[in-house]
Amino acid sequence: MKRFLLIFALFAIALSAQEKEAAGEKDLGWKWANFALLAIGLGYLVAKNLPPVFRSRTEEIQKGIVEAQALKRDAEKRAAEMQAKLAALGDEIEKFRTQARAEMEQESARIAEETGRQLEKLKRQTEAEIETAGKIAQRELRSYAARFALELAETRIRGMLDAKTEGALIQDFVRDLSVDNGRASKN
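Residues numbered from 1 in each chain as written. Predicted model: local features only at pLDDT ≥ 70, side-chain atom pairs only at ≥ 80, totals over all residues. Heavy atoms only, no water.

**Concerning the overall build of the protein chain**
Piece 1. Helix and strand counts for the protein chain come out as 3 helices and 0 strands.
Piece 2. Helices and strands in the protein chain line up, N terminus first, as α-α-α.
Piece 3. Buried residues in the protein chain amount to 3% of all 187 residues.
Piece 4. Counting every atom, the protein chain has about 16,800 Å² of accessible surface; 62% of that belongs to carbon and sulfur. (Helix = DSSP H or I, 4+ residues; strand = E, 2+ residues; numbered from the N terminus. Buried < 20%, exposed > 50% of the residue type's maximum accessible area, 1.4 Å probe, protein only. Areas by Shrake-Rupley, 256 points an atom, 1.4 Å probe, with all protein chains shown as cover.)

**A word on a nonpolar patch on the surface**
Piece 1. Together, V46, L50, V53 and F54 give the surface a local cluster of nonpolar side chains, amounting to about 340 Å² of exposed area.
Piece 2. Along the chain, the position of F54 falls in helix α2 (residues 28–160).
Piece 3. What makes F54 exposed here is its relative accessible area of 53%. (Patch = residues over 30% accessible without salt bridge, like charges linked within 9 Å, V, L, I, M, F, W, Y side chains within 5 Å. Salt bridge = Lys/Arg side-chain N within 4 Å of Asp/Glu carboxyl O.)

**With respect to the packing of aromatic side chains**
Piece 1. Applying the stated criterion across every chain, the model contains 2 aromatic pairs.
Piece 2. Pairing W32 with F35 gives two aromatic rings, centres 6.1 Å apart and planes at 90°, and the pair type is edge-to-face. With W32 and F35 both in helix α2, this residue pair falls 3 residues apart, about one helical turn.
Piece 3. Assessed through its relative accessible area of 54%, W32 is described here as exposed. (Phe/Tyr/Trp six-rings, centres within 6.5 Å; stacked < 30°, edge-to-face > 60°.)

**Digging into the pattern of salt bridges**
Piece 1. A full pass over the atoms with the stated rule returns 7 salt bridges.
Piece 2. Several salt bridges converge on common partners, so that one network encompasses E113, E114 and R117.

**Details of the confidence of the model for the protein chain**
Piece 1. Looking at the protein chain, pLDDT values average 84 and 82% of them are 70 or higher.
Piece 2. The spread of mean pLDDT over the elements of the protein chain runs between helix α1 (residues 2–22), the lowest at 63, and α2, the highest at 90. (pLDDT = per-residue confidence, 0-100.)

**Some points on α2**
Piece 1. Between its first and last C-alpha atoms α2 spans 184 Å; for 133 residues at 1.5 Å apiece the expected length is 198 Å, and the two agree.
Piece 2. At L50, α2 shows its maximal kink, close to 30°; a proline, P51, follows between one and four residues later.
Piece 3. When α2 is considered as a whole, its buried residues turn out to be N34, L37 and G41. (Expected span 1.5 Å × (residues − 1). Bend = angle between axes of the 7 residues up to and from the residue.)

Below is the structure:
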């Protein structure tokens, strides 16, 4: 309340000084007194009201700086994590390539082994089929040769046989049968 009265008193003095000046008095002392009162009043108001504004603004700026520093640390941490992941990614890619190469070599070896087994199996089957085909061909050739020999023998025998030779052969055959029957009955 005292401050209010002091401000009111200073304001009243300043007004009275202005009235005197308006009335035509040109006293330099009152002008300086009026200026001093006005400067003191304004200085008091500024000193009273501006420090809290400056203090709050300073606090906001400091808070902003702290938050910015925290964001910067967080961003640096994330960047370091990303760099570590990128470095690890190169190692992972190389590891994957090595593993893929090893798997491809194993698969290639397995395929080569399987192909070798299949080729060996086909070779055995082919040999068996060739052997079977050879046996069949031999049988057919023997059968053909036997038929051909029989036909040839029949043709030759027919060419050599006449009625007289045929009769003699029949008689020899019957005689051989009689002799064989006689021997069989003795036993």
